Structures are given as structure tokens and as C-alpha cells.
Amino acid sequence: CESFLDINKDPNYPGKASPKLLLPSSIAWTASRVGSDLQMVGGFWCQHYTQNNSSNQYNTTVTYDLTYSSYNGVWSAAYAGALKDLKSIVETSEAEKQWNYYVPAKILMAFNFHILADFYETVPFNEILQGADNMQPKYDDGKTVYAGIIRLLDEAIAKKDLALAANEEIPIGSEDYVYAGDLEKWIQFAKSLKFKVLMRDYEANKDALAELIAENDFVTVDARMNGFVDQENKSNPLYENDRRKLNTTNNIKASNTLIAFLTANKDPRIANFFEKAKGIYKGLPYGNTSVPTATTPSNTTSRAMLAATDPVYFLSVAESYFTIAEYYARIPNAGKAKEFYDKAVNEAFLRWGYTNASEFTKAGGVYEFPSDNTKMVEAIITQKWVASTRCQAWDSFFDINRTGYPQLGTKQTTDAGYVIGQLVPAAHSVLNAGELPRRLIIPKSSSDYNTNAPKVIPLAQKMWWHKK
Amino acid sequence: QGKQVSGKVLSAEDKQPIPGVSVFVKEASTIGTSTSIDGQFTLKNLPANAKTLVFRFVGFQTQEVAIKGGEINVSLIPETQKIDEVVVTAMGMKKSEKTLGYAASTVKSEDLLAGRSASVMSGIAGKVAGVNVSSSGQTGTSQKVIVRGYSSFSENQPLYVVDGVPIQNNFSGSDGSSDAVDFGNQAGDINPDDVESLTVLKGASATALYGSRAANGVIMITTKRSQQDERITVEYNGSFMASDVLRVPQTQNVFGQGWPDWDRMENGSWGPKLDGRMHDWGAPLDANGKFDPKATGREKRFSYVEDNLRNFYETGFETNNTVSVKGGTKNTGFVFSYGNSYANGVIPTDADKYSRNTFSFRGNTKYNNFDINYSINYVRKDMNNVSAGQGDNGATIFPELLQHAVDVDFQDTKDLNNIYNNTDNYYTVYAENPWWVVKNNGNKYQDDRIYGKAEVNYEILKGLRATARLGGDFTNSRQQRWNAIAKRTVGSYAYEGGKKDEVGYYNERNDAWDQIDFTGLLSGNYKLSNDLGFDGVLGYNFNQRSSSFHNSSLSGLVQPNWYSLENGEVMPLSSSGISRRRLIGAFSQMNFDFRNYWFLTLSLRNDWSSTLPKNKNSFFYWGVNTSAILTDMFKSLQNDYVNFIKVRAAYGQTGNDAPAYRTYSAYFPTQIGVGFGDLYLPFAGVLGLTESNRLGNMGLKPEITTELEFGIDARFFKNRLTFDVAYYNKQTKDQIISATVAPETGYTSRTQNIGKIENQGVEANVRIIPVRTSDLEWEVGVTFAKNKSKVKELWAGTDRYRIASGYEIDFMAIVGQPLGQFLAPAELRVAEGEHAGKIVVNSAGRPLVDAGKKDNVGTSQPDFTMGFNTRLTYKGITLSGVFDWRKGGQFWSYTSHIMNFNGNATKTTFNERQPFVIPNSVKQAGVDANGKPIYVENDIPITNYETYNYYNNSKNTPIQKTFVLPKDYLKLREIAVSYSLPKKFFKSGYVKGVSIGVVGRNLFLWTPKDNNFVDPEATNYGNDITSELGEFAAAPTTRNYGGSIKIVF
């Protein structure tokens, strides 16, 4: 009767999947949290946005009141979602010489670890994804993970020719939601990401950075997940979560911090970042969860503008230019720094269809590159901060940690002496005065089940590469 | 001058005369007398038709004697000998109760039916020690039946067996915190009027013959049958009951709408004190009905609305009607019944409705050596129900009822034709008008089910019998959910307030469940010697369960009020699947009896299950039990006071095999949850597959329950005091669960055999008859059950497993603790120094949360449960009542959560909402030279303006622990009075008997004062262990009262 009882293989689903089917899945997994939770955490923590006063959804985030229960989905989407499927692709593509799948898979792995390392610092890296063979993977420190990211990217870059050849035979097509099978572009993405990661420790990586600069093979097309449509379950994940599915669409509001900056500089992108309320752009003070609704009804303040079709950015051309500008600023090479700064701002304007960036960056313009060499990095990162709105807000959070820009002031935007472009102290911050959140807390989905997980690291504790 | 008879009545036991025996003429029951002190009686002037005398005395079996003339001397047999009742045990085998070595509690038809519930299982609530029965809503919703505590992390449902054949018990609908809708479990399909008796087999020894399916107890249901040659009788049973909401949350009556200032748009009661003055409220509309912020709204008094929630509900009703025809011919006995149960619940309109039609035909034919039993049942169910919890694709009613200002009368928002009450202008933009929700959003269910059996018994030789029994159970069901479109007009009050459009939603699901069960038995009994008897059985069982489903949903409807999968601009989302499992078992049972006072039973079973890994799918179960009737063994023990003592011991093993398809991993179309929404591939026409986050396991074993049980069954004072006590120790190991694993392994769960749970407990069933005369009998029964569970092991690397959660309350299994612990966010406390242990507050004076710790704030386990039953019989009148008491344990309540949040909970008026400082707390005043925080006494008050933030879980995370409430309750489950009309009314004519009754169910509920929110039994988390988490805006439970009538033709 053994065969009579041998009916336990799920007849509804396949037991195997090819890289062609796994690639779109792993891109979607990667975009799922980067484009929702992390985009939002970044948007709040770099004060693009704040919580609306008549609703409560993200109160604990804007007041930095997070615990190990917060944002557990980030961890599972990365490890059990993206990285596992990517590992499958790598294994199959190595065995079957499908190098054209191997390359994007390695790069996406590196990107996922970049996000994890920059949000958590210490994360499992070397012993992961072994299923029942290792249920307690060790955590690796930030430096180890960074070295690993570089290794992953180098492995991808090294297979460029083989991948191009493989792609001649059976090309990747629309299953690549990022570059539709254009492997040259993936290699550019790899190099830009490598450059970005090396910049975390400029002093130590000068040579490697110079080598990449010399190759000059950075992204020319944004690395982003495309293909979202205005349809349930098929939209930009932040839009889907915050606008389509929450019981109120009135949660993410303009923070005065960014509104003040955009207004002061008459930046046209304000129309792409925020909705008008009663005909004007009006924000709320960042992190103040007690603004009375009776005097400030929610229809009088601007919502974040989000669209169902917004792509999820992994690495943009503007960002790449800003990073190169920062590289030159650190050398310092003011001329090159200005060149890339201008290109970066131009790209950031172009993203929203504005071709007049030069009016802002020209001599005398509000965004003119500073002649004072000590102000170069601040100018670059400040523009990067604006550019990251509705795009890569999480990256701006990384930059605040890394460079200290925008600076945290002591005044609210309405206070006399407030410096436009500075972050304000969150009125209801649970951190000590002068502190900012520096990380996410390692989720209990790991710490409760992995005995190697470290004890809770305070939210305000800086990472090894952070500006002290 | 009629006949005269006289005589004497003696006790058959001691040959002593019995005084007070009622003696009457059967044909003319008004003619009678009772015996004198020396047992004598005389009846004179007997009518001509007097042919039989009836002798009746409590504690003795009633006897009928033909009148022949002259002396009639009668020996009455004490009822002690009726102890030898026949009970139905595993595989449908009938056994004498006194021989059993384990606890088997039987509830008879009259007790099951006393409360006139449409559900068989609610008829045993409070009546069987160790069996916890609770229901969570209107008629037809699911019944939770848990035998001797939870022992599995997933599957704790008992096996239901009707006339020897297992039936399916699928739950229809969905549970959880969103869009939970309860269409009942299939055990509720049985018409209680068809049931003769119900026996609960609790322990592993009793159920060992069911092997892999018996770890959670077995409910054996025996239906009514008819004998061959029985006269045809027709019986009608009817009841009509009204139903009301049992418990609505209590709201504070001091403060009115606002947050914290008066705000016409708010749906909470954080506003000013209610002053009773006339004031403006609701949407400000101009003369043309257009929103104008400068206009005023309606006018009403700013005062508390009494009974606002209760008055939202309506009085529902429930009717149960059954007609049965029973009778026999020379070889055949048959019963046919038709039952109809119809209810319209307490939610206004037809939104909650239940209709069940059952047709049952059961027969038995004896012919030569053949004894054939057969039955066929058809059940048709139609049900409407509202979604509980919150709504993912449109509003659900209960949250909208709770998120409401206490001064706004629901009666004022009822008329949907009133411009102020439509979806553009409802007074709050943060909730939908509940009247609109109830009218427009709903759920519907229907199913058709056929189940039955065919059984052939053949007597091969005297004492040797072969049985073949085939059972089948087939159900097809269809569920629909619809949520209406509500587009806010641009510029309207709702639009300007940021209220989201409802895009409309339709979902349709079809399920089919089939079960085929075949059992072959060879049974025999032999007298091995004068002292030693033996009977045994050899058996084979085949069981196959299959299911299939197809589920489609469409979000974003085009044409309003047209609910169809074709009403969209995009394709509906669809999924479908099949599942099939097989189980083969071989079993044997051997019973020995020695001199009819010592009994020993051995049960063996081997199972082969398709859901376990190939080559490792064979498992052996066994059980042994023994009982000794001490009062028969040592006759000297027996006297007038001690009638019967039996001691028993049992040991057994049963199991629970794996769900289907858990041995291998599979690849699924990628569907990613992103918090509140999802990402579903395909995108841009490209599909993706992802490996399941649940890791398969080729080493799965069944869960094994090993149980040891001891018991005493004793009867005293001519059976006026009986008690039955059992102690059990149940060890369940290798629970099959999707064990949580750290995501860095590549998976979030792994199907695993993990853990060990111990349940030990005591059950007692005491019955006392304080008063017993010829006319009056009063009986009191008490059931007591105390179950202590303990999680003894989980798996390497962890001591905890999360079973369920609500917001940040986790419902856990933790090693060393009873199963089901509530963990809640903890306040940050000072670790060391002079302030050690004090709460640290933030700049607003509210407690900070500890980022890496949760406090254990209670368990779902009760300290004990008790049931009190009483029955008073006076002539034809019977009064009965059942109380159910639960002491101890907790549950999480979203109702409490949301009512704290919006200022409706009574405790939010603490300190009149004036400023207060958190007692025993500190605030941080910078850091010392080592970077360590410096703490000083907290002096930051929570201002009256910000009181609302203190009760808001997102601004005071640790407050969530106060939403875990005590689960204690005392319930008046049933109270019933029935009256049988004297037989003399029916001397001639077709009617043979009539009885009428008045019935109430759940009339009264008491809970501790911390729970003035909900009935602690109400849940929308299904009917298994996750339901112990609590409730998330669950449907209210109801109280029912009405009348019943029974007519026999």
C-alpha cells in the first residue's frame, strides 16, 4: 500500500523553479520593504515627512519609540524572501552556466546586504540560508559584511563577459523588472554600488575608489523596479500600504523641515513631493504628535504625494553623481566636485520633468555650489537629501548618519534663528536631547529564535562608519 | 361496583416492605394510592378497563403488573442495577458502563435538548466535566469544544463520530483580526432532535482505537432509532425563541465628543464634559445640502445617550421545528425526521440569518443472521453573517460601533435617506455609518451536505460476528462577500476630511469536502471459564479525506450594487487547490472480565498515514485499562449507605498526524505582504515563483499523546449521592507545527515535531438528590474541572513560540509556563542604582517602552471551571438550570484597546481626566561622565489636555498590557421549565402526549469589573487554540428565551 499512500507531494504547486521565474520574484522581494517600510522610516527620520495629527499610524516611528517588535518584515523579506531566491538563482546559474542570471542575482544580493548593514550594522552574513543545517547562523560585524558586499559585487563584475555571451544565447527579457535584461547596465549598477559602499570609509578605500573613477562605468539609467500599476496588489508598495489599504489615507504629511527648505528656495519639486491643502503647501512640525486637530484640521496640511506607479529606486543616476561629487569634494577637487554636483542636481530635477536646474545651480542661484571648500560636502548632501524625497529617503537617513548632514539644530522651523535645511528636534522624541535614531533594532523574529543574535542595541548608538 | 385489588410491595434487594410507593392504574392514572408503612396497598372501585397496575418509587425501577385479581405482591428492583447502562464506545461498540476503565460521560437526549439550542454541542455546555464548550455569536456560528485542555499548537478539535462513522468538522468562513466571518463548524449540522445520546470519550485509553485521529477526545453521537415491529408514532418538537445581545461594552458618561477639544468630525469622547446643553453637531451643510465649513450642522443635546449600543441591535429570533416518524415492520425499524432551524440574529436587517434544513432517514433490518443498519442525511444550510474584526476591503460593523462619540445617538444616524447620514456627510470621517455598513456590506454562505452510512453485521456463529461499515460525508459550499462602493463627492464633508473612497469588493469561494471511511470488524465473545469471560475485536479501517477549493476576489467594482466577478476593469484574483490524505489502520481490542467485577481491556492500533514521510509513515498506538467494582468484589462493602464503588485505571497512547503536504517544500507564485497591502506577481505580465518560507520536513512523525488516568465512581444512599472523579496526566509530544525560525536561515517557519506539553487535571462530577418523594424530586449536579498545563519543551535555540498576536500583545507558548501566555510591551525601568525598578518616563510624562523586552501579563488558562446543574421534578413539571463558572485566566480585547484609545472606556475618566504623575517613576536628566543616564524623580504630569495620549497605544506603548482582561465569568447557561400534560387528556384521539416549556439560554453573565467590555467567550479567532488570544471587535453573544412544545401522535 506504499504507493497508495504516496500522495503527499503538493499537487498544486511546483517543487522547482528556474532562474527565469525566480529573478522577478527576488526583485519584487527586494523592492517590497525598501519601497515601503524603509522608504517611510527614511522619509520620517530625514524629516521629509511626519505623522498626521489626526491619525496615529506612525507615531512610534516619528518619536523614535521603536522596539524589537518594529519593522520585523524587513528582515524576513530580505533573508527568507529575496536572498533565498537569489541564492537559488546563483546555484542554478552556476551549475547550468546561465551567467546572465548569475550577474543580477549577485548584485541584488549585495544590494540587500547593503540595506541590512546600513540599517542594522551587525547582521548574519556568512552562515545564512542553510535551512535546517544551521538554524542559528552567527551574526557578522559591519566591516565583515561590507567586505562581503564588495566580494559579491566583484564576483558579478568578473562574470561580465560570460554573462553577455550567455545572454546572446537565451536572453533575459521582461522578467528583469530593472533593466529588462541589459547586463551592461547591471554591471554599471554593480560598480556604482561598489563605489557607494567604498565611500563609507573613504580614507581606507582611496585606491579602489580611484580605480572605479578611472573606469568611469557608473549607472546611466536608474536602477529601480519598474512596472507598478494603479491596481490592487500591483502598486508601489508604499502607496499600496499607506494609501490603498490603510483605513485612512491621511497619515504621511509634509514635515515643516522640508517644506521650509523647498518654499524658501522656490523649488518646483514641491509640487511632486506634496499635495496642496486648501490651495497651499503647509506642513506639520516634525515629530510633534499633539498638534490639536481642532485648530489644525487634517485638510489644512499637505499630504505626501505618492503614486501607485512610482518605481522603487535601488540606486539612481542622480545619487551616483552626488556620490562622485562627494568623492571629489573629499580629495578635494572642487572643480570636479562642482561638475558632478551640477549634473546630480540636474538629474534630480529631470526626474520630475524639470529642465531648469541650471537656474538654481548657476552662479548666484539658490543651489549654487559653494566656493568654500569646507562647505562642499554639506551642499552635496543637502541636495541629495532633497533629491531623495519620494525616491530613496532611506539613503538620506544613511547620509545623516554618515556625514552629519543635514545637521540637527536645536530650533523648530517657526523659531527665530532656525537655519533652513537643518533638522529639527522631534517635539516628542523619546531619545535624549541632541540624539537621533541611528539604526533599526534587530527584530525579535531573529532575536527570539537565533541564540547568536546580539542584545538590543540602543536606537541612538552609532555604527562603526558613522560620523562621530 | 368495580374490582378491588390489594397487595404488598417489597424491595427485591432486602425483601423489606417499601412505604410510599405510588400505585396507579395505567389505563386510568387518576386512580391510585400509595403504600402504607408496611408496604400494603388497596385499590377499590377499579373501572372495567383497568388491566395494569403501575408501581413507581424513586430509586427503584418502575414496574407494571397485570391485574388478575386477588393479592398482587411486587418486588421492586433498586435502580442501582440500572448503573449497568450501555454506552457507546470507540468504533461504535456498545459496552456496559460499569465495565469501563476510563471516563465516558454520557448526556441523554432530554438534557441535550433542555436548552432548545439548534446546536448539539451547546447542549452539553456545563454538563460534562473536562469538556469546555463555548460559542461565539449568533445561531449557527462555530462551537468551540475542547476536551481536557489544549495539547496541540494547531489542532485541538475532538473527533466527531455519528453512529460509529466519523464525520467531518470543517470550519467555514475565516478567522483573524480582519474580515472574520463565522459560518460555523460542521458538527453544528446535526439536528439535536435526532440525537438519542452523546458520549464524550476523553482519555487516550478510551480513544486509542482511533489512533492518529483521537488525541483530542472523541464525541460519540448516537441517533434515535426504532425497533422492529414498533408502533408508528409521529412526534413534533418546536421552539420559538427571542434573542437579545447579551453584553455590550459599557461606555463612560462624563465626557463627550472631541479630541481633546470639541471637534464635530471626531469619533471619540475625549471632548468637554457633557453639559446637556443644546449644541451643533454633524456635517455643516448649507441650504443646498452642500458642505460649508461656515454653516452649522444639526442640533442636539450635548449629553450621554443611554443604552446607545444596545439599542442599535434588534431582537432576533430562532425557531426550531422537527417532525419525526418512527416505527417498524416485521424486520425493519425506521426513523424519518425533518428538522428546520431558522434564526434571524440581533444585527439589524437580515445581515445575520441562519437557516438549516435537515432530512434524516435511519433504518435497521434484521433478517436471519444479518443485521443491517443504514442512514442517509441531507443538510442544507443558508446563512448570512457580518464580518467581525476590521475590514481590509471595506468597513466592518463592530469597529464602527465602538469608534463613536458617546453623545451621538445611533438612532439619529439610522435614516440613510437623511442627507446628514449618507456616506458624504456622516458625522465622523474616521468611521463609516454602521447602518450603512450593515445594509451594504455582507457575507453569505450556503452548503449542501450528504452523509450517511451502510453497515452490515453478519453472525457467523453464535458469539462471532462480522461487520462491514461504510461511511461517506460530502459537502459543497459557496461563500460570498460583498462590500459596496462609496465614492466621496469632491468637496464634500467626508472628502475634505480625507475619508478614503470605498472602491467596492466582491469575493466568492467554493469548497468541497469529502470523506470516505470504511471499517471492517470481526468480533467475538467467549466464556473462557465460569469466572472468566472474553470478548474481542479485530478491525481494519480506511479513511480518505479530500478537499478542493476555488477562491476569487475582485477589488474595485464598476457598477454599484452588482456583485459579480465580472464587474471589474481588472481580472479577479483567483486561487484554487486540492488536498487529499489517506489513513489506513489495523486494530484490535481485547476485553477480559473476571466474575463480572474485574475488567481489563487492551486496545492496539497501527496506522499508516499518507501525510507522513514515505517509509516512516507507520505508527503504533495502544491503550490498556482496567476497572474493579469493589462493591461486587467485596460484598461486605455494600450496605444501605454504600451502593457502588468502582475504581479504574487507564493508560493509552493516541496521535495526531500531520496536515497534508508538509514533507516537501514548494514554490509559490510570489505574493509579498507589505504591512497593510500586498505585492502580487505577475507584474507587467511576468510571473515569478518564490520558494515557500515554510521549510518542509522529511522526518515528520505524528504528535503523540500519552495519558494516564485514574478514577473512582461511587454511589451512596440509594444512589442519592453519586460521584465520579478522575485524575489524568496527559503528555503530548512532537507537536507538529510550523515552528518559527529566524529568517536568516532562509525560512520563517519549518514544519517540525517539537515540544512537549503536559496537561494534568482533576475532573469531578457529583450528583445529589436532596429531596425525593413520590411526587417531587430535586437533583443537583456539580461538575468541576481543573486542568494544569505546562509547556515542558520547545525546540533547540528557543524557549518560546508565538501562537498568535494582536497589536503588540503576543500569545505565546513559553517553556516552563502554562500553554498560552500573554506578553505585552514593558515599561522601561531603571536597571540599577537608587531608582532601580522605577518606570522611566518621556518628556510628556508617559512611560517609555523597553525596546527589547516584553512583560508576561497572564495566561489564557483558567484556574478551574465548574458547572452547576439542577433539576426539580414535580409531577409533570420539570425545572432545570445550568450555571457555568470559569475562574481565572485572561484574554486580549481589542474592544478594550479601541475604547481606551477613543475615550469611551469607563476607566478613561480616571482622576476626572485631570493632570497626574505616573507614580514611582523617574525621568532622565542627561548622562554622567561614563555616558550612563542620570535619573531623577519624575515631576512631569500627564496634562489634562494630553490625557488622550496616555490611553493611546501608539503614544504609550506599555498601556497595551491593560487591554489583557480577566476571563472569569459566571453564566446562566440554561433555565427551562417544562410541563407534560397529564395522560388523561389524551385518552382517546390521535394525540398521545403533549408537553410545553419555557426556556432561556445565556440569560445572565457576570464578569469582574475590569471586564465591562465583552463576553469573554466572544472571539473572531476561530474555534481552536488561536481563539484563546481573545477578540478583535468580535460579534456579540446573545441571550435567548422563549417557549417549546412537543406533541406525540
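Rules used throughout
- Within every chain, residues take consecutive numbers counted from 1 along the sequence as written.
- Whichever chain is written first is A, and whichever ligand is written first is 1; the rest continue in order.
- Owing to the predicted nature of the model, reporting of local features is limited to residues with pLDDT of at least 70; listing and counting of side-chain atom pairs is limited to 80 or more, with chain, interface and lining totals taken over all residues.
- Values reported for side chains reflect all heavy atoms of the structure, with hydrogen atoms and water molecules removed beforehand.
- Only DSSP runs of H or I reaching four residues or more are called helices, and only runs of E reaching two or more are called strands; each is numbered from the N terminus.
- In this treatment the radius of gyration is a C-alpha quantity, and the globule benchmark scales as 2.2 Å times the residue count to the 0.38 power.
- Classification of residues uses two cut-offs on accessible area relative to the type maximum, computed with a 1.4 Å probe and protein chains only: under 20% is buried, over 50% is exposed, and between them is partly exposed.
- Residues count as neighbours in contact if any of their non-hydrogen atoms are within 4.5 Å of one another.
- By definition here, a salt bridge exists when the distance from a side-chain nitrogen of Lys or Arg to a carboxyl oxygen of Asp or Glu is within 4 Å.
- Classification convention: Asp, Glu, Lys, Arg as charged; Ala, Val, Leu, Ile, Met, Phe, Trp, Tyr, Cys, Pro as nonpolar; all other residues, Gly among them, as polar.
- As used in this record, nonpolar core signifies buried Ala, Val, Leu, Ile, Met, Phe, Trp, Tyr and Cys residues forming a set joined through side-chain atoms within 4.5 Å.
- Only Phe, Tyr and Trp rings are paired, with Trp represented by its six-membered ring, and only when their centres lie within 6.5 Å; those with planes under 30 degrees apart are stacked, over 60 edge-to-face, the remainder tilted.
- Lysine NZ or arginine CZ positioned within 6 Å of the ring centre and within 35 degrees of the ring normal marks a charge as sitting over the ring.
- Any two strands with at least two DSSP-identified bridges between them are counted as paired.
- Simply put, an axis is a line fit to the C-alpha atoms, just over the touching stretch for a helix, and the angle between two N-to-C directions goes from 0 to 180 degrees.
- When the sulfur atoms of two cysteines come within 2.5 Å, that pair is taken as a disulfide.
- Identification of polar contacts relies on pairs of N or O atoms within 3.5 Å, with a donor-acceptor requirement for protein atoms, meaning one able to donate a hydrogen and the other able to accept it, and with residues adjacent in sequence counted only if both atoms are side-chain atoms.

Novice: Looking at this structure, I do not really get the overall build of chain B. What am I missing?
Specialist: When helices and strands are counted, chain B shows nine helices and 57 strands. In terms of overall dimensions, chain B is globule-like: its C-alpha atoms have a radius of gyration of 32 Å, near the 31 Å expected for 1049 residues. Once the C-alpha set of chain B is aligned to its principal axes, its extents read approximately 105 × 70 × 70 Å. Out of the 1049 residues belonging to chain B, those deemed buried represent 60%. Residue pairs at least 24 apart in sequence account for 69% of intrachain contacts in chain B once pairs closer than 6 positions are excluded.

Novice: Just to check I follow, could you spell out the overall build of chain A for this structure?
Specialist: Secondary structure summary: chain A contains 19 helices and six strands in total. In terms of overall dimensions, chain A is globule-like: its C-alpha atoms have a radius of gyration of 22 Å, near the 23 Å expected for 468 residues. The buried share of chain A, taken over its 468 residues, is 66%. Across chain A, contacts joining residues at least 24 apart in sequence account for 73% of those joining residues at least 6 apart.

Novice: In this structure, what is going on with the interface of chain A and chain B? I would like to understand it.
Specialist: It is common to give the size of an interface as the accessible area that goes away when the parts come together. Contact with chain A, which involves 98 residues of that partner, is made by 103 residues of chain B. If you look at where chain A meets chain B, you find three salt bridges. Measuring nitrogen to oxygen at the nearest pair gives 3.8 Å for the salt bridge that ties A:Lys278 to B:Glu496. Secondary structure elements with two or more residues in the side of chain A that touches chain B: α1 (2-5), α2 (19-34), α4 (59-62), α5 (72-96), α11 (237-245) and α19 (444-447) of chain A. The class makeup of the residues in the side of chain A that touches chain B is 37 nonpolar, 42 polar and 19 charged.

Novice: I'm lost on the nonpolar core in this one. Help?
Specialist: Among soluble globular proteins, nonpolar side chains are generally buried collectively. Core analysis: the largest hydrophobic core is formed by 161 residues, its most contacted members being A:Trp45, A:Phe113, A:Phe119, A:Phe189, A:Met225 and A:Phe314. By residue number, the principal contributor to this core is helix α6 (residues 99-120) of chain A, which donates 16 residues. Beyond its immediate sequence surroundings of up to four residues, A:Phe189 is in contact with A:Ile107, A:Phe111, A:Tyr179, A:Val219, A:Ala223, A:Phe314 and A:Leu315. Counting 78 residues, the second largest nonpolar core, distinct from the first, contains B:Ala742, B:Ala804, B:Ile942 and B:Leu965.

Novice: What is the right way to read the packing of aromatic side chains from this model?
Specialist: Aromatic ring pairs are reported here in terms of the distance separating the ring centres and the angle at which the planes meet. Summed over the entire model, instances satisfying the criterion amount to 80 aromatic pairs over all chains. An angle of 75° between the planes, with centres 4.5 Å apart, marks the rings of A:Tyr13 and B:Phe668 as edge-to-face. Of this pair, A:Tyr13 sits in the loop between α1 and α2 while B:Phe668 sits in strand β34 (residues 667-669), each in a different chain. Between B:Trp622 and B:Tyr651, the ring centres sit 5.4 Å apart and the planes meet at 50°, which makes this aromatic pair tilted. Taken as a pair, B:Trp622 in strand β32 (residues 618-629) and B:Tyr651 in strand β33 (residues 642-656) lie far apart in primary sequence, 29 residues in all. Under the relative-accessibility criterion, B:Trp622 is labelled partly exposed at 30%. Taken together, the ring pairs connect A:Trp45, A:Tyr64, A:Phe111, A:Phe119, A:Tyr179, A:Trp186, A:Phe189, A:Tyr286, A:Phe314, A:Trp394, A:Phe397 and A:Phe398 into an aromatic cluster. Of note, B:Lys300 hangs over the ring of B:Trp281, and the distance from its end group to the ring centre comes to 5.8 Å.

Novice: Please explain the pairing of strand β21 (residues 298-301) of chain B as it appears in this structure.
Specialist: A regular strand places its side chains on the two faces of the sheet in alternate fashion. Residue and element names in this part refer to chain B. Burial along β21 is one-sided: the residues Arg298 and Lys300 are buried and none of Glu299 and Arg301 is. The sheet contact formed by strand β20 (residues 278-281) and β21 spans four bridges and is antiparallel. Following the sheet pairing, Met278 is matched in β21 by Arg301.

Novice: Explain the sheet that holds strand β14 (residues 165-167) of chain B here, please?
Specialist: What holds strands together in a sheet is hydrogen bonding between their backbones, with the strands either parallel or antiparallel. Residues and elements named next belong to chain B. The mixed open sheet is built from five strands, whose spatial order is β10-β17-β18-β13-β14. Edge strands, defined here as strands with exactly one partner in the open sheet, are β10 (104-108) and β14. On average, each strand axis in the sheet is tilted by 25° relative to the strand beside it, whichever way the strands run. In this sheet, strand β18 (residues 218-223) lies alongside strand β17 (residues 195-201) in antiparallel orientation, the contact comprising six bridges. The partner of Leu198 across the bridge, within β18, is Ile221.

Novice: I would appreciate a short explanation of the state of the cysteines in the present structure.
Specialist: Two cysteines, two sulfur atoms, one covalent bond between them: this is a disulfide. One pass over the full model with this rule turns up zero disulfides over all chains. Free of any disulfide, A:Cys46 has its nearest neighbouring cysteine sulfur in A:Cys391, separated by 11 Å.

Novice: How should I be thinking about the environment of B:Thr139 in this particular structure?
Specialist: Residues and elements named next belong to chain B. Within the fold, Thr139 resides in the loop between β11 (131-135) and β12 (143-147). The spatial distance from the C-alpha of Thr139 to the C-alpha of Ser355 is 9.2 Å, given a sequence separation of 216 residues. Among residues more than four places away in sequence, those in contact with Thr139 are Ala118, Glu318, Ala343, Tyr354 and Met383. For Thr139, the side chain forms a polar contact with the side chain of Glu318, separated by 2.8 Å.

Novice: Would you mind showing me how to read the environment of B:Tyr451 here?
Specialist: Residue and element names in this part refer to chain B. Note that Tyr451 resides in strand β26 (residues 442-461). For Tyr451, a relative accessible area of 9% translates into the label buried. Put simply, Tyr451 and Glu758 are 307 residues apart on the chain and 36 Å apart in space, counted from C-alpha to C-alpha. Setting aside anything within four residues of it in sequence, one finds Tyr451 in contact with Ile167, Ile190, Ser375, Ile376, Asn377, Val379, Gly472 and Asp473.

Novice: For this particular structure, what's the right way to read the sheet that holds strand β53 (residues 964-966) of chain B?
Specialist: Residue and element names in this part refer to chain B. With mixed pairing, the three strands of this open sheet are ordered in space as β53-β50-β56. For this open sheet the edge positions go to β53 and β56 (1030-1031), each flanked by a neighbour on one side alone. The pairing of strand β50 (residues 890-893) with β56 spans two bridges and is classified as parallel. Paired with Ser893 across the bridge in β56 is Glu1031. Contacts from helix α8 (residues 894-901) reach β50, β53 and β56, with the element oriented near 50° to β50.

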